[in-house]
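# Working through the structure, step by step
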Amino acid sequence: MEILSTPGRFIPNYKCDFQNNLVAVIGGPNTNDFLDGATILSQYKIAQLHHFLRGVSFNNSAGDKISFDENGEFVGRFDIINWVTFPNQSFRRVKVGTIDPDPLSHHLLTIREDEIIWPTWFNQVTPLSMCNDKCPPGYRKAKIEGKPFCCYNCVPCPQGEITNQTDMDKCFRCPEDQYPNNKQDFCLFKYITYLFYEETLGSSLVTVAIILSFMTIWVLGVFLKNHNTPIIKANNRSLSYTLLISLLLSFLCSLLFIGQPMKITCLLRQTAFGIIFSVAVSCMLAKTITVVLAFMATKPGSRMRTWVGKKLTLSIVLSCSFIQSLLCIVWLGMSPPFPDLDKHSFISEIVVECNEGSVVMFYSVLSFMGFLAIISFVVAFLARKLPDTFQETKSITFSMLVFCSVWLSFVPAYISTKGKYTVAVEIFSILASSAGLLSCVFFPKCYIIIVRPDLNKREQLIKRGN
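Residues numbered from 1 in each chain as written. Predicted model: local features only at pLDDT ≥ 70, side-chain atom pairs only at ≥ 80, totals over all residues. Heavy atoms only, no water.

### Topic: the overall build of the chain
Selection rule: Only DSSP runs of H or I with at least four residues qualify as helices, and only runs of E with at least two residues qualify as strands; both kinds are numbered from the N terminus onward. Accessible area is worked out with a 1.4 Å probe on protein chains only. A residue is then buried under 20% of its type maximum, exposed over 50%, and partly exposed in between. Should any heavy atoms of two residues lie within 4.5 Å, those residues are considered in contact. What sets the accessible areas is the Shrake-Rupley method with a 1.4 Å probe; for residues, cover comes only from the shown protein chains.
Along its length, the chain carries ten helices and 19 strands. Each of the 466 residues in the chain was classed as buried or not, and the buried ones make up 39%. Here the analysis covers contacts within the chain between residues at least 6 apart in sequence; of these, 55% occur between residues at least 24 apart. Total accessible area computed for the chain in this model is approximately 27700 Å², and 62% of it derives from carbon and sulfur atoms.

In structure tokens form, the structure reads like this:
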């Protein structure tokens, strides 16, 4: 088949069917016209094929496969040639496609439409071999079983994918920093997000942290003002001050989690949180052990008196804090936290977050803190009925119950949330657990100091002790 074109005239192409003695004129003035085949046969001598040549297959000098089927019909690939002629009667042959009747071929007819050069006077619209409308952007073609290749359904792209041209076979994903629009026909740039100070959630957490910090400073001021009163002396002043300072630092530590994560804040916030909370929990453990040993030391002939004193409480606090500090040093040396971009948790957001580096070390720090809390709770619970002064063991038991409940709830909440809400969950856990220790341990004592000073006397202390 040949398509001939010229700027001045259109030369028709003839298709001959020698068996029916007809010639079809393609592209002529009337495409339904047929010429008498005798006119053509008079110019050609038809070769008679011997029946032994049927089924022969060989490659010619150009490397093309030449074969005949059992009916003696030629089987081979045909080139579709576009003859482009010029006013000076010169011409150029341009290959624009192929016809391959080979049953093993996946493409029977291939035409490169953009390479066809039509005559200048040809202004008709190229016919479409389709049985349905084209698929618009946002949709892809889906083959219909048992139908020709030009018949297909238009299927919407799945979530997160787009098509930006008509009749696309497959949908594709946007780049990592972009996301599809609602019509899924082009990509939009994702916006950067993290826990801002200015947003409602961030400002609320900052407000709560500052209020709790001022309350801790107020309690510390009350204790310092009444430094020599019986209730302060009876509850180990040095441990109380250490616990109050660690609670104040824990409230302020939560502010490191708000705002855009940077390298220094990512390195400090988890390690500072782990060490400060270990100091607070070890103070609670030292308080509990001191109460138990003090009760045992009152028994006649007991050797526990040698253990009761500042050295024991100091050694408990320092040893527990040292172990937690050692874990944090190993964490920073092995795989420290670093700023990272989470591009996959949300479709339209890029979350700036602190990657914890070693997840094993992160949970090791939390586990050690939980281990200290559980020991403190168990010891305080077992000693809750001891006749201690000002019901210290009951306050410790209840405060550690609140502390353990908060952090046991933290783990599943931390795992199930994403983005800035993960940070908000950790900040809430820090504030809630610290507030639980502050309120349960120190508010009853502040009530006695301020509202009931008549109970803050040595006589009441002896009476409670007995």
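### Points about the UniProt feature "transmembrane region" (unreviewed entry) in the chain
The condition is simple: UniProt positions are given in the numbering used here, feature names are shortened, and annotations may be inferred rather than shown by experiment.
According to UniProt, the positions carrying the feature "transmembrane region" (unreviewed entry) are residues 205–226, 238–259, 271–295, 316–334, 360–383, 395–415 and 427–450. This span, residues 360–383, is 96% helix and 0% strand, and a straight line between its end C-alpha atoms measures 34 Å. With 100% helix and 0% strand, residues 427–450 has its two end C-alpha atoms placed 31 Å apart.

### Observations concerning the nonpolar core
Counted only if it meets this: Nonpolar cores are built from buried Ala, Val, Leu, Ile, Met, Phe, Trp, Tyr and Cys residues. Side-chain atoms within 4.5 Å join them into one set.
Phe-273, Phe-403, Trp-407 and Phe-442 are the most contacted members of the largest nonpolar core, which has 67 residues in total. Every element with two or more residues in this core is listed here: α2 (200–225), α3 (230–234), α4 (237–253), α5 (263–297), α6 (310–334), α7 (359–382), α8 (392–416) and α9 (420–450). A total of 13 residues in this core trace back to one element, the largest contributor, which is α9. Contacts of Phe-403, omitting those with residues within four sequence positions, involve Phe-277, Val-281, Met-369, Ala-373, Ser-433 and Leu-437. Residues Ile-80, Val-84, Val-94 and Ile-116 belong to the second largest nonpolar core, which totals five residues.

### A look at the side chain of Thr-422
Basically, it comes down to this: For this analysis, a polar contact is any N or O atom pair within 3.5 Å, provided that within protein one partner can donate a hydrogen and the other can accept it, and provided that sequence-adjacent residues contribute only side-chain to side-chain pairs.
In this structure, Thr-422 sits in helix α9. Note on Thr-422: relative accessible area 13%, which makes it buried. Within the local environment of Thr-422, its side chain forms a polar contact with the backbone oxygen of Thr-417, the two atoms lying 3.0 Å apart. With sequence-adjacent residues up to four places away left out, Thr-422 is seen in contact with Tyr-414 and Thr-417.

### Structural notes on the side chain of Asn-226
Within the fold, Asn-226 resides in the loop between α2 and α3. Within the local environment of Asn-226, its side chain forms a polar contact with the backbone oxygen of Val-222, the two atoms lying 2.8 Å apart. Here Asn-226 is in contact with Ile-232 and Ile-449, once residues within four sequence places are set aside.

### Remarks on unusual backbone geometry
Here the phi dihedral of Asp-167 falls at roughly 55°; this positive angle occurs in a residue that is not glycine. When you line up the elements, Asp-167 lands in the loop between β13 (161–162) and β14 (172–173). A positive phi angle is found at Gln-184, which is not glycine, with a value near 55°. Following the sequence through the fold, Gln-184 ends up in the loop between β15 (178–180) and β16 (187–189).

### Let's talk about the environment of Asn-355
For Asn-355, the position within the fold is in strand β19 (residues 349–355). Under the relative-accessibility criterion, Asn-355 is labelled partly exposed at 25%. Residues Asn-355 and Pro-337, spaced 18 residues apart in sequence, show a C-alpha to C-alpha distance of 5.4 Å. Contacts of Asn-355, omitting those with residues within four sequence positions, involve Pro-337, Phe-338 and Asp-340. Within the structure, the side chain of Asn-355 is placed 3.2 Å from the side chain of Asp-340, a separation counted as a polar contact. Of note is the side chain of Asn-355, whose polar atom sits 2.9 Å from the backbone nitrogen of Gly-357.

### A short note on α4
Under the convention used in this document: The span one expects for a helix is its residue count, reduced by one, times 1.5 Å.
Here α4 contains 17 residues, and its C-alpha end-to-end distance of 24 Å stays within 8% of the 24 Å for a straight helix at 1.5 Å per residue. Taken together, the buried positions of α4 are occupied by Leu-239, Ser-240, Tyr-241, Leu-243, Leu-244, Ser-246, Leu-247, Leu-248, Ser-250, Phe-251 and Cys-253.

### A short note on the packing of aromatic side chains
Test applied: Two rings from Phe, Tyr or Trp (for Trp, the six-membered ring) form a pair when their centres sit within 6.5 Å of each other. Planes less than 30 degrees apart are called stacked, planes more than 60 degrees apart edge-to-face, and all others tilted. Charge over a ring is defined by NZ of Lys or CZ of Arg lying within 6 Å of the ring centre and within 35 degrees of the ring normal.
Tallying each qualifying case throughout the model produces twelve aromatic pairs. Against the face of Tyr-152 rests Lys-141, its NZ or CZ located 4.9 Å from the ring centre.

### Side note on α7
Within an α-helix, residues lying three or four positions from one another point in the same direction, as the helix has 3.6 residues per turn. Here α7 spans 34 Å end to end across 24 residues, near enough to the 34 Å set by a 1.5 Å rise per residue. All of the buried residues along α7 are Met-361, Phe-362, Val-365, Leu-366, Phe-368, Met-369, Leu-372, Ala-373, Ser-376 and Ala-380.

### Quick notes on the environment of Ser-405
Within the secondary structure layout, Ser-405 lies in helix α8. As for Ser-405 and Ser-433, which are separated by 28 residues in sequence, their C-alpha atoms are 8.6 Å apart.

### Quick look at the pattern of salt bridges
As a reminder, the rule being used: Counted as salt bridges are all cases of a side-chain nitrogen of Lys or Arg within 4 Å of a carboxyl oxygen of Asp or Glu.
Across all of its chains, the model carries four salt bridges by this definition. For Lys-343, the salt bridge goes to Glu-176, with nearest N and O atoms at 3.8 Å. Here Lys-343 is found in the loop between β18 (338–342) and β19, whereas its partner Glu-176 is found in the loop between β14 and β15, with 167 residues between them in sequence. Between Glu-199 and Lys-420 there is a salt bridge; the shortest N-O distance is 2.9 Å. Within this pair, whereas Glu-199 is found in the loop between β17 (191–193) and α2, its partner Lys-420 is found in helix α9, the two being separated by 221 residues in sequence. Exposure remark for Lys-420: the relative accessible area of 19% places this residue in the buried category.

### Considering empty space enclosed by the protein
The following threshold applies: Cavities and pockets were defined on a 1 Å grid built from protein atoms only: a cavity is a group of points that admits a 1.4 Å probe but offers it no way out, a pocket is an open group of points flanked by protein on both sides within 12 Å along at least five of seven lines, and a lining residue is one with an atom within 4 Å of any such point. Grid points are joined across faces, edges and corners, and a volume is the space filled by probe spheres set on the points. Each residue is assigned to one of three groups, with Ala, Val, Leu, Ile, Met, Phe, Trp, Tyr, Cys and Pro labelled nonpolar, Asp, Glu, Lys and Arg labelled charged, and all others, Gly among them, labelled polar.
Scanning the model with the defined rule gives one cavity of 30 Å³ or more in all. Quantified by volume, the largest cavity comes out at close to 60 Å³. Along its surface, the largest cavity is lined by Tyr-194, Leu-195, Phe-257, Gly-259, Pro-261, Arg-269, Val-351, Val-352, Glu-353, Gly-419, Lys-420 and Val-423. Within the residue set of the lining of the largest cavity, elements represented by two or more residues are β19 and α9. Among the elements that take part in the lining of the largest cavity, β19 stands out by supplying three residues, more than any other. Residue composition of the lining of the largest cavity, grouped by class: seven nonpolar, two polar and three charged.

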